[in-house]
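The primary structure of each chain is shown beneath.
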Amino acid sequence: MKKFHFRDEQKGLLFLLLIVLIIVVLVVILRQYLAPKGLSERIEADQVMRTVFVVDDDEGNVIFTNLLIYYPVSCRGAVVSIPGNTGAIYEVLGRVDGISSVYKEKGIDAYVSEIEKLLDVQIPFYAVCHKSDFEKMADMLGGLRLFLPIPVDETSETGERWLLPGGSVVLDGDKVSVYLDYRLEEDENSDVNDRLLNVAVAFFTALHEKKGLVFSSQENSKRYASLLQMNLSEEDKLDFLDLISSVDSDSLVKQTITGNERNVDGRLLLFPERNGDEIKNSVKQSTVMLLSTGASAASRFYVLEILNGTERNGLAKKTAERYKNASYDVHGYANTPDNKLYEKTTIIDHIGDPDVAKIVGDYIKCSNIVEEEIVTDEDRSESEANVDFTIILGDDFDGRFVR
């Protein structure tokens, strides 16, 4: 039998085909390996869901931004407001400006990246909703319930009349738009930011209360999902909405960035307290409270009493504000009885939970914890019965940490 011999040209061609085949196989394998993980895998890897929610004015200007920190196991969460005038030197812009300018000029990916740096957390998800779509969403949810201490009857600089009722009211899409827009003459930026944060909480509350309506059918849930632009597939977007609609809206913790406002090139910018360490610690503390000691520490938020055992005025009040911003309910703050002075900061544990007491102390780097003899509520005064931990600030407390 005559043997078949490959010519040199044929051998070269076969060799090239073999290389191409290997490259194709490698590309397929890499694509599968590097493909974006599904929602369930990404949540399982991180445990806590962190999502940036942005509502803009349809022209790329941020109206409000919030970070939702959500723990699906307990259905508890926190909402962190990111004021648009939060100031810093943003490398992506090459100048000092408010963080909302990053969104306007560089888009959502760069914006989320700057928020990650600001809060020192990784944020895998984002959702963008244009104002017109947010109004539709509010209508589809049957309105958003908000509280207005007084009725609003004002006129904007452009002649637009702002009319809103007072009290606890349910606002339809048009009225939600007015609520987002109106500004009173006496309003400071912090007042406006508080209102915008209330809108976000009202949205999550409505989504939770109307979960049965939103997910009454796949077609209906797709209508809601279509109003959000997210970095998720359409299927994962529905799963995402299903998850966050289970949030315990009654216990959502509200947080915001605090600091000092300074005029920079004609714009009032908010520079975070302690170069951002304050809000980083607050966000970290919220997450710890949601995750620590399994479901027990996440089952409720703890009530503190803060006493000033020094001669420095306002120390208890400022510390109370910081603890409020870190997910705690502060029952009250005052000077110590008889203005007694303390050398060392002390935490009194009224409930006999050393794990949570340590978490409370870690926030101000206090390890001096005293466990009170546990007594029944009948044997304690009304104020004592409402408090889980008492923090007595001593001379070793510098306003932020125990030194």
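Okay, the overall build of the protein next. When its secondary structure is counted, the protein shows 15 helices and 19 strands. Sorting the 403 residues of the protein into buried and exposed places 47% on the buried side. For the protein, the computed accessible surface area is about 21,400 Å², with 51% contributed by carbon and sulfur atoms.

The next point concerns the side chain of Ser177. Relative to the elements of secondary structure, Ser177 occurs in helix H6 (residues 173-181). Residue Ser177 is classed as buried on the basis of its relative accessible area, which comes to 11%. In terms of polar contacts, Ser177 uses its side chain to reach the side chain of Lys131, at 3.1 Å. If we ignore the near neighbours within four places in the chain, the residues touching Ser177 are Lys131 and Glu135.

Here we come to a negative patch on the surface. A cluster of acidic residues, Glu154, Glu185, Glu186, Glu188, Asp191, Asp194 and Glu261, forms a negative patch on the protein surface. In this structure, Glu185 sits in the loop between H6 and helix H7 (189-209).

Before going further, it helps to spend a moment on the pairing of strand E15 (residues 303-308). In terms of residue burial, E15 counts as a mostly covered element, since five of its six residues are buried. Note: E15 against strand E16 (residues 329-335), six bridges, orientation parallel. Bridge pairing links Leu307 to Ala334 in E16. As defined by bridge partners, E15 adjoins strand E19 (residues 389-393) across five bridges and the pair is classed as parallel. By the bridge assignment for E19, Ile306 is matched with Ile391.

With that settled, the discussion passes to the environment of Lys210. Relative to the elements of secondary structure, Lys210 occurs in the loop between H7 and helix H8 (211-214). As a C-alpha pair, Lys210 and Ser245 span 35 residues in sequence and 8.4 Å in three-dimensional space. When sequence neighbours within four positions are dropped, the list of residues in contact with Lys210 reads Leu141 and Gly142. Within the local environment of Lys210, its side chain forms a polar contact with the backbone oxygen of Leu141, the two atoms lying 2.7 Å apart.

Here we come to the sheet that holds strand E6 (residues 125-130). Spatial strand order, E11-E6-E1-E2-E3-E12: six strands in an open sheet with mixed pairing. Of all strands in the sheet, those with a lone pairing partner are strand E11 (229-230) and strand E12 (253-256), marking the two edges. By the bridge criterion, four bridges tie strand E3 (residues 76-81) to E12 in an arrangement that is parallel. The partner of Ser81 across the bridge, within E12, is Thr256. Along the sheet face, helix H5 (residues 131-140) touches strand E1 (49-56), strand E2 (62-71) and E6 and points at about 90° away from the line of E6. Strands in contact with helix H10 (residues 234-244) are E1, E2 and E11; relative to E1, the strand with the most contacts, it is inclined by about 100°.

Our next topic: a nonpolar patch on the surface. A cluster of nonpolar side chains, Phe15, Leu16, Ile19, Ile23 and Val27, forms an exposed patch at the surface whose accessible area comes to about 450 Å². Following the sequence through the fold, Val27 ends up in helix H1 (residues 8-34). Owing to a relative accessible area of 35%, Val27 belongs among the partly exposed residues under this scheme.

By the definition in use, this model includes 16 salt bridges. In this structure, the salt-bridge partner of Lys117 is Glu114, at a minimum N-O distance of 3.5 Å. With Lys117 and Glu114 both in helix H4 (residues 108-119) and three residues apart, this pair spans about one turn of that helix. What makes Glu114 buried here is its relative accessible area of 9%. For Arg195, the salt bridge is made with Asp187, and the minimal N-O distance between the two is 2.9 Å. Among the ionic contacts, a cluster of salt bridges with common partners joins Arg95, Asp97, Glu105 and Arg267.

Rules and cut-offs
- Residues numbered from 1 in each chain as written.
- Predicted model: local features only at pLDDT ≥ 70, side-chain atom pairs only at ≥ 80, totals over all residues.
- Heavy atoms only, no water.
- Helix = DSSP H or I, 4+ residues; strand = E, 2+ residues; numbered from the N terminus.
- Buried < 20%, exposed > 50% of the residue type's maximum accessible area, 1.4 Å probe, protein only.
- Areas by Shrake-Rupley, 256 points an atom, 1.4 Å probe, with all protein chains shown as cover.
- Polar contact = N/O pair within 3.5 Å; in protein donor to acceptor, adjacent residues only side chain to side chain.
- Contact = heavy atoms within 4.5 Å.
- Patch = residues over 30% accessible without salt bridge, like charges linked within 9 Å, V, L, I, M, F, W, Y side chains within 5 Å.
- Salt bridge = Lys/Arg side-chain N within 4 Å of Asp/Glu carboxyl O.
- Lys, Arg positive; Asp, Glu negative; His and termini not counted.
- Charge placed at Lys NZ, Arg CZ, Asp CG, Glu CD.
- Pairing = 2+ DSSP bridges.
- Axes fitted to C-alpha atoms, helices over the stretch in contact; angles between N-to-C directions.

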